[in-house]
Amino acid sequence: MTAKSELYADVRKQIASVIAGETSRTARYATASCLLRETFGDRFFWCGFYEVDPAKGDELVVGPYQGTLGCLRIPFSKGVCGAAAATGETQLVEDVHAFPGHIACDSRSNSEIVVPVRDADGALAAVLDIDSTEFGAFDTDDQAGLEAICADLLTVK
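Residues numbered from 1 in each chain as written. Predicted model: local features only at pLDDT ≥ 70, side-chain atom pairs only at ≥ 80, totals over all residues. Heavy atoms only, no water.

**Observations concerning empty space enclosed by the protein**
Okay, step 1: On inspection of all chains with the given rule, the structure shows one cavity of 30 Å³ or more.
Okay, step 2: Counted as a void, the largest cavity has a volume near 150 Å³.
Okay, step 3: If you go around the largest cavity, you meet 18 residues; those closest to its centre are Ile-103, Cys-105, Glu-112, Asp-129 and Asp-131.
Okay, step 4: Where the lining of the largest cavity is concerned, the elements lending two or more residues are strand S1 (46-53), helix H3 (79-87) and strand S6 (124-132).
Okay, step 5: It is H3 that contributes the most residues to the lining of the largest cavity, three residues altogether.
Okay, step 6: Taken together, the residues of the lining of the largest cavity break down into nine nonpolar, four polar and five charged. (1 Å grid on protein atoms, 1.4 Å probe; cavity = no way out; pocket = protein on both sides within 12 Å on 5 of 7 lines; lining within 4 Å. Points joined across faces, edges and corners; volume = space filled by probe spheres on them. Helix = DSSP H or I, 4+ residues; strand = E, 2+ residues; numbered from the N terminus. Nonpolar A, V, L, I, M, F, W, Y, C, P; charged D, E, K, R; others polar.)

Now the structure itself:
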């Protein structure tokens with residue numbers, strides 16, 4: 001196990017402990033974004049959630065996050081977050097400027113990872129979006145760690 005994967009295992013336990021028994025999705029997302037940012041610091045330039053808007057099933061709306069001002073809404077047809085929502089698959093992007101349809105919420109972002117969050121029934125509820133000012137800041141260790149955390153977020157009792 002790498003040092004990074006150990007950090008993810010530790011923060012996953014911390015998040016699960018804090019959200020146990022919490023029924024509010026907002027509180028769960030806020031806790032996860034805070035603890036992830038605290039654990040990984042400045043490498044996570046922007047760390048937060050875009051929730052599926054129940055009134056517009058093909059659009060994401062900004063939820064709890066840590067970082068600079070985020071985009072308020074993102075259609076499933078645009079950007080890295082939209083691609084994750086539309087495909088239901090994690091998007092690991094080394095250079096966001098080369099990503100077709102990239103939305104520059106903050107021009108300082110250079111790489112990004114976006115992980116789908118599903119509810120207990122398997123429906124897409126949100127995406128976890130993490131940006132870095134570094135190019136190639138995220139790898140398969142980040143993907144595995146974040147996917148495990150996202151799998152727990154709406155299912156931990």
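**Concerning the pairing of S6**
Okay, step 1: Counting buried positions along S6 yields eight of nine residues, so the element is predominantly enclosed.
Okay, step 2: As paired elements, strand S5 (residues 111-118) and S6 share eight bridges and run antiparallel to each other. Within the sheet, the bridge partner assigned to Pro-116 lies in S6 and is Val-127. (Buried < 20%, exposed > 50% of the residue type's maximum accessible area, 1.4 Å probe, protein only. Pairing = 2+ DSSP bridges.)

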